[in-house]
Amino acid sequence: MPHRAKEGELYKSIAVCDRIFHIYYGYYDERERHSKYNDPIPIYPDLKAAPQYTGEGYPFVTGMQDVCDHYEGRHAEDGCHGCIHYREGTDLIGVCRCEANKKG
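Source: prediction; values computed, not measured.

A.B. asks: What is the right way to read unusual backbone geometry from this model?
C.D. replies: Negative phi characterises most residues that are not glycine, and trans characterises most peptide bonds. Even without being glycine, C17 reaches a positive phi, approximately 55 degrees. Topologically, C17 is positioned in the loop between β1 (10-16) and β2 (19-26). For C17, a relative accessible area of 47% puts it in the partly exposed group. Its identity is not glycine, yet L92 carries a phi of approximately 75 degrees, on the positive side. One can find L92 in the loop between β5 (86-90) and β6 (93-96).

Given below as structure tokens:
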């Protein structure tokens, strides 16, 4: 029988540059929690709401997050992973190398 994820259980830890992100199972929306057909899913950090930066000052981004004003790519609806500035992606977490988004 396959393992069924439980809310709050560690999905995986992801190392990107100088940071480790711990991804846990959960729900993005409260309505999902109450559906009898929805098991918890891996919840990635909201790096727009709570920005984190590399030691060099570049922001971490998730590949699926909404793009910023400096997006350069084919289709903005693809998220950050479609941007020329997206680098070092490891399991949907990467770094935005756009100088305009650099901290400092």
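A.B. asks: Mind showing me how you'd approach the sheet that holds strand β3 (residues 41-43) here?
C.D. replies: Hydrogen bonds along the backbone pair up the strands of a sheet, which may run parallel or antiparallel. In spatial order, the strands read β1-β2-β3; together these three strands make up an open sheet with antiparallel pairing. Bordering the open sheet on either side are β1 and β3, each of which pairs with just one other strand. Taking each pair of neighbouring strands and ignoring which way they run, the sheet shows an average axis angle of 30 degrees. Across three bridges, the pairing between β2 and β3 is antiparallel. Across the sheet, residue Y25 finds its bridge partner in β3, namely P42.

A.B. asks: Mind showing me how you'd approach the nonpolar core here?
C.D. replies: In summary, soluble globular proteins display a tendency toward joint burial of nonpolar side chains. One finds I14, V16, F21, I23, Y44, L47, Y58, F60, I93 and V95 forming the largest nonpolar core, which totals ten residues. Residue assignment for this core shows that the elements contributing at least two residues are β1, β2 and β6. Apart from the residues within four sequence positions on either side, F21 is in contact with K12, S13, I14, V16, P45, L47, Q52, F60 and I93. By size, the runner-up hydrophobic cluster in this structure holds five residues, among which are V61, C80, Y86 and C96.

A.B. asks: Looking at this structure, how should I read the packing of aromatic side chains?
C.D. replies: Each aromatic ring pair is characterised by the separation of its centres together with the angle its planes make. Tallied over the entire structure, the rule returns two aromatic pairs. Relative to Y25, the ring of Y11 has its centre 5.5 Å away and its plane inclined at 80 degrees; by these criteria the two rings are edge-to-face. Residue Y11 is found in strand β1, and its partner Y25 is found in strand β2; the two are separated by 14 residues along the sequence. Overall, Y25 belongs to the buried group, its relative accessible area being 18%. Between F21 and F60, the ring centres sit 5.1 Å apart and the planes meet at 75 degrees, which makes this aromatic pair edge-to-face. In this pair, F21 sits in strand β2 while F60 sits in strand β4 (residues 60-62), placing the two residues 39 residues apart along the sequence. Residue F21 shares its accessibility class with F60, and that shared class is buried. For R97, the ring lying beneath its charged end belongs to Y58, and the centroid distance is 4.6 Å.

Calculation notes
- Residues numbered from 1 in each chain as written.
- Predicted model: local features only at pLDDT ≥ 70, side-chain atom pairs only at ≥ 80, totals over all residues.
- Heavy atoms only, no water.
- Helix = DSSP H or I, 4+ residues; strand = E, 2+ residues; numbered from the N terminus.
- Buried < 20%, exposed > 50% of the residue type's maximum accessible area, 1.4 Å probe, protein only.
- Pairing = 2+ DSSP bridges.
- Axes fitted to C-alpha atoms, helices over the stretch in contact; angles between N-to-C directions.
- Core = buried A, V, L, I, M, F, W, Y, C linked by side-chain atoms within 4.5 Å.
- Contact = heavy atoms within 4.5 Å.
- Phe/Tyr/Trp six-rings, centres within 6.5 Å; stacked < 30°, edge-to-face > 60°.
- Lys NZ or Arg CZ within 6 Å of the ring centre and 35° of its normal.

The analysis is restricted to geometry; functional conclusions fall outside its scope.
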